[in-house]
Amino acid sequence: MELFEQLSTRIKGQGKVLVFPEGEDARIQGAAVRLAASDLVKPILLGDQATIAATAAANHFDLSGVQVIDLTEYPQDAFDRMVNALVERRNGKTDAATAEKWLGDVNYFGTMMVYLGLADGLVSGAVHPTSDTVRPALQIIKTAQGSSRISGAFIMQRAEERYIFADAAINIDPDAATLAEIAIQSAHTAKTFGLEPQVAMLSFSTKGSAKAPQANKVIEATALAQQAAPTLAIDGELQFDAAFSKTVAAAKAPESSVAGHANVFVFPDLQSGNIGYKIAQRLGGFEAIGPILQGLAAPVADLSRGANEEDVYKVAIITAAQALEA
Ligand SMILES: CC(C)(COP(=O)(O)OP(=O)(O)OC[C@H]1O[C@@H](n2cnc3c(N)ncnc32)[C@H](O)[C@@H]1OP(=O)(O)O)[C@@H](O)C(=O)NCCC(=O)NCCS
Ligand SMILES: CC(=O)OP(=O)(O)O
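Residues numbered from 1 in each chain as written. Chains lettered and ligands numbered in written order. Predicted model: local features only at pLDDT ≥ 70, side-chain atom pairs only at ≥ 80, totals over all residues. Heavy atoms only, no water.

**Some points on the overall build of the protein**
Next, step 1: Broken down by element type, the protein carries 13 helices and 11 strands.
Next, step 2: In summary, the protein has a C-alpha radius of gyration of 21 Å against a globular reference of 20 Å for 326 residues, a match within 12%.
Next, step 3: Considering only C-alpha atoms, the protein reaches an extent of 65 × 45 × 30 Å along its principal axes.
Next, step 4: Taking all 326 residues of the protein together, the buried fraction comes to 56%.
Next, step 5: Put simply, of all contacts in the protein between residues at least 6 apart along the chain, 72% involve residues at least 24 apart. (Helix = DSSP H or I, 4+ residues; strand = E, 2+ residues; numbered from the N terminus. Rg over C-alpha atoms; globule rule 2.2 N^0.38 Å. Buried < 20%, exposed > 50% of the residue type's maximum accessible area, 1.4 Å probe, protein only. Contact = heavy atoms within 4.5 Å.)

**Some details on the packing of aromatic side chains**
We describe a pair of aromatic rings using the distance from one ring centre to the other and the angle between the two ring planes.
Next, step 1: Enumeration according to the criterion identifies 11 aromatic pairs in this entry.
Next, step 2: For the pair phenylalanine 240 and phenylalanine 265, a centre-to-centre distance of 4.8 Å together with 40 degrees between the ring planes defines the contact as tilted. A residue pair is termed long-range when its members are at least 10 positions apart, and phenylalanine 240 in helix 10 (residues 240-244) and phenylalanine 265 in strand 9 (residues 264-266) qualify at 25 residues.
Next, step 3: Its relative accessible area of 0% is what places phenylalanine 265 among the buried residues.
Next, step 4: Taken together, Tyr163, Phe165, Phe240, Phe244, Phe265, Phe267 and Phe286 form an aromatic cluster joined through their ring pairs. (Phe/Tyr/Trp six-rings, centres within 6.5 Å; stacked < 30°, edge-to-face > 60°.)

**Here's the deal with the confidence of the model for the protein**
Next, step 1: Mean pLDDT for the protein: 96, with 100% of residues reaching 70 or above.
Next, step 2: Interface confidence for the predicted complex, given as ipTM, is 0.94, next to a pTM of 0.91. (pLDDT = per-residue confidence, 0-100.)

**Some words on the site of ligand 2**
Next, step 1: Around ligand 2, the surrounding shell consists of Thr130, Phe154, Asn274, Tyr277, Lys278, Pro291, Ser304 and Arg305.
Next, step 2: Within the side chain of asparagine 274, one N or O atom sits 3.0 Å away from an oxygen atom of ligand 2.
Next, step 3: Residue tyrosine 277 places a side-chain N or O atom 3.5 Å away from an oxygen atom belonging to ligand 2.
Next, step 4: No other element matches helix 12 (residues 270-282), which puts 3 residues into the shell around ligand 2.
Next, step 5: Split into classes, the residues belonging to the shell around ligand 2 amount to 3 nonpolar, 3 polar and 2 charged. (Near = heavy atom within 4 Å. Polar contact = N/O pair within 3.5 Å; in protein donor to acceptor, adjacent residues only side chain to side chain. Nonpolar A, V, L, I, M, F, W, Y, C, P; charged D, E, K, R; others polar.)

**A closer look at empty space enclosed by the protein**
Next, step 1: By the definition in use, this model includes 2 cavities of 30 Å³ or more.
Next, step 2: Estimated volume of the largest cavity: approximately 90 Å³.
Next, step 3: If you list the elements that add at least two residues to the lining of the largest cavity, you get helix 12, strand 10 (287-294) and helix 13 (309-325).
Next, step 4: Sorting elements by how many residues they give to the lining of the largest cavity places helix 12 first, with 3 residues.
Next, step 5: Reported here for the second largest cavity is a volume of approximately 40 Å³.
Next, step 6: Around the second largest cavity sit Gly290, Pro291, Ile292, Leu293, Val300, Ala301, Val315, Ile318, Thr319 and Gln322, which together line it.
Next, step 7: Those elements that provide at least two residues to the lining of the second largest cavity are strand 10, strand 11 (300-302) and helix 13.
Next, step 8: A per-class count over the lining of the second largest cavity returns 7 nonpolar, 3 polar and no charged. (1 Å grid on protein atoms, 1.4 Å probe; cavity = no way out; pocket = protein on both sides within 12 Å on 5 of 7 lines; lining within 4 Å. Points joined across faces, edges and corners; volume = space filled by probe spheres on them.)

**Considering the pairing of strand 10**
Next, step 1: Of all 8 residues making up strand 10, 7 are buried, and the element is well covered by its neighbours.
Next, step 2: Pairing of strand 5 (residues 151-158) with strand 10, which is carried by 6 bridges, proceeds in the antiparallel orientation. Bridge pairing links glutamine 157 to glutamate 287 in strand 10. (Pairing = 2+ DSSP bridges.)

**Details of the pattern of salt bridges**
Next, step 1: Summed over all chains, the structure comprises 12 salt bridges.
Next, step 2: Taking the shortest distance from any N to any O, the salt bridge between aspartate 132 and arginine 135 comes out at 3.8 Å. A residue pair is termed a helical-turn pair when its members lie 3 or 4 positions apart in one helix, as aspartate 132 and arginine 135 do in helix 7 (residues 130-141) at 3 residues.
Next, step 3: Salt-bridge contacts for lysine 314 lead to glutamate 310; the nearest nitrogen and oxygen are separated by 3.8 Å. Within this pair, lysine 314 and its partner glutamate 310 are both found in helix 13, separated by 4 residues, close to a single helical turn.
Next, step 4: The class for glutamate 310 is partly exposed, based on a relative accessible area of 29%. (Salt bridge = Lys/Arg side-chain N within 4 Å of Asp/Glu carboxyl O.)

**Digging into the packing of helix 4 (residues 76-90) against helix 6 (residues 106-115)**
Next, step 1: The contact between helix 4 and helix 6 brings their axes to 11 Å, and the two run at 80 degrees. As summarised for this structure, helix 4 and helix 6 are arranged roughly perpendicular, according to the angle between their axes. The segment helix 4 lies against helix 6, with Phe79, Met82, Ala85, Leu86 and Arg89 engaging Phe109, Met112, Met113 and Tyr115.
Next, step 2: Looking at side-chain class alone, the contact of helix 4 with helix 6 contains 8 nonpolar, no polar and 1 charged residues. (Axes fitted to C-alpha atoms, helices over the stretch in contact; angles between N-to-C directions. Parallel < 35°, antiparallel > 145°, perpendicular 65-115°, else oblique.)

**Quick word on a nonpolar patch on the surface**
Next, step 1: Taken together, the side chains of Tyr115, Leu116 and Leu118 define a hydrophobic patch exposed on the protein surface, amounting to about 250 Å² of accessible area.
Next, step 2: Assessed through its relative accessible area of 37%, leucine 116 is described here as partly exposed. (Patch = residues over 30% accessible without salt bridge, like charges linked within 9 Å, V, L, I, M, F, W, Y side chains within 5 Å. Areas by Shrake-Rupley, 256 points an atom, 1.4 Å probe, with all protein chains shown as cover.)

**What to know about the packing of helix 2 (residues 26-37) against helix 13**
Next, step 1: It is the contact of helix 2 with helix 13, at a shortest axis distance of 8 Å, that shows an interaxial angle of 50 degrees. As the angle between them shows, helix 2 and helix 13 are arranged oblique. For the pair helix 2 and helix 13, the sense of crossing is right-handed. For the pair helix 2 and helix 13, the contacting residues are Arg27, Ile28, Gly30, Ala31, Arg34 and Leu35 in the first and Glu309, Glu310, Val312, Tyr313, Ala316 and Ile317 in the second.
Next, step 2: Among the residues forming the contact of helix 2 with helix 13, the class breakdown is 7 nonpolar, 1 polar and 4 charged. (Left-handed = near helix turned anticlockwise from the far one by under 90°.)

As structure tokens, this is what we get:
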């Protein structure tokens, strides 16, 4: 069975509630209507009631199975409770005035809904940049037990091929320890989505072919990841061709157990990760599903602003599946 059929079967009828802060957007509405109609998710759209209704009418969407929350009409006592809960959660870092201001923003409001258990997960980022989507989750939901950082992975799919690319979304210049954590998180993500992980720690160097601090960081990260997760197949440093192609692996890294058949690609920094996934998507014809945020205590998905309705639909299915596992 294809990945999304499997995930859809898993979440169907489970009543997982997802909040979509960008409820005024037609791509979000189209996906929400489909998710509700097929009983995969109970969607909540945030936004201005009139704008949401106008967008739905213009696109002939029937929003009858979808809950809409207009922040300006949210009951004052419930809003005040949310402000207090946010101040308490921030533990001295955020005062009531700031919390009140934050909660006027749909991403903060939606994130608090997840934190308070009013929703099981959040899907945003079709309109907002990653920083605005993710920051509330970092500040409020925070990392899961056992994780010190979050990171962002993509499932890259083309026909029967499926790979994980990470970190393509969050950590701008990770140090070796962070890179090791990203590798382990990505291996777990691969398992969740049906892959037996073979993790390649990518570089411009293969097994010492280049000498540079950037390559040394990847060598150190590989050692740390192998130490922390000795049962996982993780190797580096590898160039992409050595990680991917059996022929090149035989020439460049004949001793490596991962080279030549890697399916989880860990990029050394965000420049390479974000550029790399977009090249595979736009030139290579891969569908890029994500970024899936790894290491958060509750599921939050940050879409690309280039996402279409189908991307929103699929990312929501993944987020609901993560919520089911949580
Ligand atoms: C993710 C990102 C927004 C966080 O940046 P930031 O808000 O400036 O981060 P700050 O250092 O101010 O930290 C804010 C909070 O998030 C936490 N945080 C930041 N990065 C984190 C990470 N990777 N994992 C876990 N927590 C993190 C901090 O600990 C802090 O928590 P606190 O307020 O409770 O103390 C930033 O790293 C970023 O912009 N990354 C690139 C995103 C991007 O543009 N990607 C490309 C498109 S997908
Ligand atoms: C993941 C990503 O690159 O997001 P955006 O395209 O919105 O910057």
